[in-house]
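What follows is the residue order along each chain.
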Amino acid sequence: MLAEALEHLVRGVVDHPDDVVVRDKQMRRGSILEVRVNPEDLGKVIGRNGRTATAFRTVINALSGKAGARVDFVDVDRRR
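Regarding helix H3 (residues 51–64)
Taking 1.5 Å of rise per residue, the 14 residues of H3 would be expected to cover 20 Å, and the 20 Å separating its terminal C-alpha atoms lies within 8% of that figure. Three or more residues of H3 are buried, namely Ala53, Phe56, Ile60 and Ser64. End-on, the buried residues of H3 take up no more than an arc of 65°, which puts them together on one face. Turned more than 90 degrees from where H3 packs its buried face, Arg51 and Ala62 sit exposed.

Written as structure tokens, this is what we have:
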């Protein structure tokens, strides 16, 4: 549910919504939501001084409750 909500939010911000992929990784310390976007949209997702990324993290943490979830924005040019 969190991955779908985050994907919906990110698709509303970017110019290439079909390139948005959110993966939910379950780790020992909790879940990590990995967001991959088109390289041209990375600046829009992060925002000025990280404000947009912080807003995404705030919304996801509010939805997740006590469980919590980390959100990572991945540059698709560097890691695959």
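Right, picking up where we left off after that structure.
Remarks on the side chain of Arg36
Positionally, Arg36 belongs in strand S2 (residues 30–36). At a separation of 3.3 Å, a polar atom in the side chain of Arg36 contacts the side chain of Glu34.

Considerations on the packing of aromatic side chains
Inspection of every chain in the model, using the stated rule, returns one aromatic pair. With 6.1 Å between their ring centres and 40° between their planes, Phe56 and Phe73 make a pair best called tilted. Placement of Phe56 in helix H3 and of Phe73 in strand S3 (residues 69–74) is noted, with a sequence separation of 17 residues between them. A relative accessible area of 6% means that Phe56 is categorised as buried. Residue Phe73 is classed as buried on the basis of its relative accessible area of 18%.

What counts and how
- Residues numbered from 1 in each chain as written.
- Predicted model: local features only at pLDDT ≥ 70, side-chain atom pairs only at ≥ 80, totals over all residues.
- Heavy atoms only, no water.
- Helix = DSSP H or I, 4+ residues; strand = E, 2+ residues; numbered from the N terminus.
- Expected span 1.5 Å × (residues − 1).
- Buried < 20%, exposed > 50% of the residue type's maximum accessible area, 1.4 Å probe, protein only.
- Arc of directions from axis to C-beta.
- Polar contact = N/O pair within 3.5 Å; in protein donor to acceptor, adjacent residues only side chain to side chain.
- Phe/Tyr/Trp six-rings, centres within 6.5 Å; stacked < 30°, edge-to-face > 60°.

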